[in-house]
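Topology and contacts: notes
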Amino acid sequence: MKKLSGIPVSDGIAIGRVLKLKKEERAVEAYTICEEDIENEISRFTEALEKVACHVQALYESTKHKLNESEAEIFAAHLSVVEDPMIEDGVKDRIRDERMNVEQALKLTLDEIEALFAALDDEYLRERGADVRDVGGQIMDYLLGRASLDVSRLPYPCIIAAKDLTPSETMSMDFSKTLGFMTEQGGRTSHTAIISRSLEIPAVVGIGSMMEELKDEEWVILDALEGTIIINPDKGQIEFYKQKQEEYLAGKQLLAQLKDEPAMTKDHVFFELCANIGNPSDADRILNYGAEGIGLYRTEFLYMENSHFPTEEEQFTAYKVVAEKMGDKPVIIRTLDIGGDKALPYFTFEHEENPFLGWRAIRICLDQVDVLKTQLRAILRASAFGNLKIMYPMIISKEELLQANEILEACKGELRSEGTKFNPDIQVGIMVETPAAVAMSDVLANYVDFFSIGTNDLCQYTLAVDRGNVKIAGRYNPLHPAVLRSIKRVIDAAHAKGKPVGMCGEFAGDERAAELLAGFGLDEFSMTASSIPRIKKRIRDMRLEDARQTAAKVLEAETIEEVRRLIGYEK
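Residues numbered from 1 in each chain as written. Predicted model: local features only at pLDDT ≥ 70, side-chain atom pairs only at ≥ 80, totals over all residues. Heavy atoms only, no water.

1. Points about a negative patch on the surface
Selection criterion: Patch membership needs two things, relative accessible area over 30% and no salt bridge, and members are linked within 9 Å if like-charged or within 5 Å if nonpolar (Val, Leu, Ile, Met, Phe, Trp, Tyr). Surface accessibility in these figures is a Shrake-Rupley result with a 1.4 Å probe; residues are shielded only by whichever protein chains are displayed. Any carboxyl oxygen of Asp or Glu that lies within 4 Å of a side-chain nitrogen of Lys or Arg is treated as forming a salt bridge with it. Counted as positive: Lys and Arg. Counted as negative: Asp and Glu. His and the chain ends are not counted at all. By convention, charge coordinates are those of NZ in Lys, CZ in Arg, CG in Asp, or CD in Glu. Going along the chain from the N terminus, every DSSP run of H or I of four or more residues is numbered as a helix, and every run of E of two or more is numbered as a strand.
Among the surface-exposed residues, Asp89, Asp93, Asp97 and Glu98 lie close enough to one another that they form a single negatively charged patch. As for its position among the elements, Glu98 is in helix H3 (residues 85-98).

2. Regarding the pattern of salt bridges
The following threshold applies: Here the term buried applies to any residue with accessible area under 20% of the maximum for its type, exposed to any over 50%, and partly exposed to those in between, with areas from a 1.4 Å probe on protein chains only.
Enumeration over the complete set of coordinates arrives at 28 salt bridges. A salt bridge links Arg17 to Glu217; the nearest nitrogen and oxygen atoms lie 3.1 Å apart. Note that Arg17 is positioned in strand S3 (residues 13-21) and Glu217 in the loop between strand S6 (203-205) and strand S7 (219-223), a separation of 200 residues in sequence. Classification of Arg17 by relative accessible area gives partly exposed; the value is 24%. Across the pair Glu561 and Arg564 runs a salt bridge whose closest N-O atoms are separated by 3.5 Å. Linking Glu561 with Arg564, this pair stays in helix H23 (residues 560-567), spanning three residues, or about one helical turn. Here Glu561 falls in the exposed class, since its relative accessible area comes to 55%.

3. Here's the deal with the sheet that holds strand S4 (residues 158-162)
Each strand in a sheet pairs with its neighbour through backbone hydrogen bonds, running either in the same direction (parallel) or in the opposite one (antiparallel). What counts here: In this scheme, strands are said to pair when DSSP sees at least two bridges between them. Only the stretch in contact is used when fitting a helix axis, every axis being a line fitted to C-alpha atoms; angles between N-to-C directions are given from 0 to 180 degrees.
The sheet built from eight strands is open, its strands ordered S1-S8-S7-S3-S4-S5-S6-S2 with mixed pairing. Each edge of the open sheet is held by one strand with a lone partner, namely strand S1 (2-5) and strand S2 (7-10). Across the sheet, the axes of successive neighbouring strands diverge by a mean angle of 30 degrees, strand direction being ignored. In this structure, strand S5 (residues 178-183) lies alongside S6, joined through two bridges in parallel fashion.

4. Observations concerning H23
Threshold: Directions drawn from the helix axis to the C-beta atoms are what define this arc. Any two residues having at least one pair of non-hydrogen atoms within 4.5 Å are treated as being in contact.
Residues of H23 that are buried include every one of Val563, Arg564 and Ile567, and no others. Down the axis of H23, the smallest arc covering the buried residues is 100 degrees, so these residues share one side. Away from its buried face, by an angle of more than 90 degrees, H23 presents the exposed residues Glu561 and Arg565. In this structure, the buried residues of H23 make contact with helix H19 (481-496), helix H20 (514-520) and helix H22 (544-554). Positive phi appears at Gly568, one or two residues downstream of H23, with a value of about 70 degrees.

Quick look at the structure:
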């Protein structure tokens with residue numbers, strides 16, 4: 001018996017035999033071609049693109065009866081990758097300018113694009129590099145004349161083990177025999193995670209080296225509630241986990257019944273539970289989980305998945321789709337948050353020694369006013385179709401906030417003179433994610449309609465910890481008393497001015513912290529949609545007065561361990 005651990009991304013427990021999926025490494029030969037062969041290599045590439053586009057389109061159509069619209073849109077995104085000028089132009093330019101054979105030109109182009117995504121700090125955006133890896137791999141397989149991995153016929157009911165799974169591999173799988181997924185790579189927002197959640201198949205990813213530890217057909221317990229894998233379990237362990245599996249399924253039925261119930265405490269205090277999204281197609285999925293709005297609409301995708309700064313019309317279309325889908329439910333759109341760790345393929349950023357403290361987010365937008373105006377005009381126009389709100393990221397001063405609002409007012413004036421409809425009273429807020437914003441929260445509250453606390457960056461900046469640095473990542477902890485006191489200070493400052501406070505960082509979706517945040521007075525929780533039922537149940541099981549008493553004790557705690565003990569946070 002041996003135990004492994006990873007990131008649980010799709011709840012459930014699976015007990016069964018392992019099937020290892022092994023992929024051959026793609027051997028790419030590099031050589032210089034003659035000038036007369038250039039057009040032939042380009043023709044080969046064009047043919048490969050067309051074949052893969054047809055395959056992706058067919059897979060997209062076949063997924064519609066298995067997934068809801070948002071998951072099927074993964075393959076629509078794949079079609080956009082096939083058509084992405086970054087890939088096509090990059091490959092053709094290398095063939096023409098460097099006399100490179102098509103396979104090597106494709107490899108280098110894909111490596112370059114993947115590196116762009118891999119450098120991102122935002123996990124949600126970083127995982128989108130999977131689209132490039134998946135589609136690029138299919139194009140390469142066609143060029144090399146190599147068959148793709150066939151998982152459409154599995155030999156026995158099994159728990160799939162792989163280094164990683166692409167969306168196309170996952171969706172072509174024989175689900176009648178798939179008990180669960182376990183992969184060495186991947187994160188909470190990977191496409192494998194998204195698809196497995198949609199199909200309600202237990203999955204644990206990011207396990208690290210495990211393929212050598214496993215043998216085909218040996219028994220495994222996959223606990224995707226805790227992120228634990230037990231290889232060759234004994235009879236007692238199997239019986240224990242069968243019981244745990246039954247309890248989980250019974251609890252899942254209870255959560256499903258809560259979908260349309262309010263997030264209201266036993267003493268009748270209501271909290272708003274919203275979801276975070278990254279593109280318009282996500283809106284359908286979050287409604288299925290009972291989301292009462294969108295607390296964070298990341299707009300970076302519109303910019304990163306493009307070959308140019310998206311036009312006002314392109315942005316208006318995207319925002320309007322979400323506004324109409326959500327109806328009167330609130331949608332908070334965060335203005336562009338790029339820079340430093342989030343690069344754009346068509347815009348050159350100067351090298352910075354410390355990009356997290358550099359030219360990013362609102363700082364870029366206030367310097368590149370045309371970029372901000374284009375986005376604000378698009379949001380304002382879309383506000384005529386739903387309950388949209390605007391949120392500025394990385395605000396650290398009153399001056400920045402007023403400058404951004406001056407640009408917003410100028411946009412309103414332009415639209416009025418053009419006779420374009422918009423909501424003139426659209427609400428404006430800021431993300432509180434720096435110690436400066438915390439310290440100035442009593443002042444900033446005078447000039448906003450709401451705050452939203454971004455705990456990911458707030459924790460990083462407050463503790464001076466780069467959470468991507470493995471040597472110190474263990475010091476990154478939102479339960480640190482300094483972070484918790486900052487959160488309480490922001491909530492109190494906003495409430496003193498009659499302004500609501502939400503939270504859109506990962507901490508908002510942690511059910512073990514829900515009672516603490518409710519006790520602090522947080523008004524709105526925004527999270528990954530799949531976390532909503534668990535947070536709702538936690539809120540419905542609590543009394544606000546008890547939560548306030550716990551919160552008061554936590555504010556007196558001097559260490560993380562004291563906080564853990566007070567809130568029953570075991571891990």
